[in-house]
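Topology and contacts: notes
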Amino acid sequence: MSNLPPLNTDTIWAILHEKIDDVTVNQLVWYYLGYRYDSSAEQWNTSEVAPEWRDEYPQPPDFIDSRPATVKLTRSIPQDNKQILKEKLGFKGYKIGEFGPRQTRRATAANWLCSYLQQTNGNLEGSVDC
């Protein structure tokens, strides 16, 4: 996971516009949730993962494929940041007929990452490097 793009608004837009593949979107969320893969032990290190995630997901979930994991991700976004994509980035959403569950789940991941960036930096300027 060392080749992840930096967490910044360009990366968030790339997720929304599907310029970043689903695997990388998952890896970004996993990274910022605290999941680290220990290649020498060939297993996930969850010591930095919050208990509410680690207990339910000892292995990082596929947020694009798993509705329950995405619902949990949505619920973990602070109320003030639920509309952060719209309010801070001006994201208008997807047009009816041009999106499905996959795009909705990518938008949820983007929203969570944007919220994380806001909480970490205090704003959406700059970036957080992986």
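From a predicted model like this one, the values you see are computed outputs, not experimental measurements.

With respect to the nonpolar core
- Counting residues in hydrophobic clusters, the biggest one holds 35 residues, and the most contacted among them are Ile-12 and Leu-113.
- Those elements that place two or more of their residues in this core are α1 (9–16), α2 (22–33), α4 (67–75), α5 (84–89) and α6 (101–121).
- Setting aside residues up to four positions removed in sequence, Ile-12 forms contacts with Leu-7, Leu-85, Leu-89, Ala-110, Leu-113 and Cys-114.

A look at the packing of α1 against α6
- For the pair α1 and α6, interaxial distance at closest approach is 9 Å and the crossing angle is 170 degrees. When the axis of α1 is compared with that of α6, the two are roughly antiparallel. In this structure, α1 uses Thr-9, Ile-12, Ala-14, Ile-15 and Leu-16 to contact α6, whose residues at the interface are Arg-106, Ala-107, Ala-110, Leu-113, Cys-114 and Leu-117.
- Its residues placed into classes, the contact of α1 with α6 shows nine nonpolar, one polar and one charged.

Here is what the cut-offs are and how they apply
Residues numbered from 1 in each chain as written. Predicted model: local features only at pLDDT ≥ 70, side-chain atom pairs only at ≥ 80, totals over all residues. Heavy atoms only, no water. Core = buried A, V, L, I, M, F, W, Y, C linked by side-chain atoms within 4.5 Å. Buried < 20%, exposed > 50% of the residue type's maximum accessible area, 1.4 Å probe, protein only. Helix = DSSP H or I, 4+ residues; strand = E, 2+ residues; numbered from the N terminus. Contact = heavy atoms within 4.5 Å. Axes fitted to C-alpha atoms, helices over the stretch in contact; angles between N-to-C directions. Parallel < 35°, antiparallel > 145°, perpendicular 65-115°, else oblique. Nonpolar A, V, L, I, M, F, W, Y, C, P; charged D, E, K, R; others polar.

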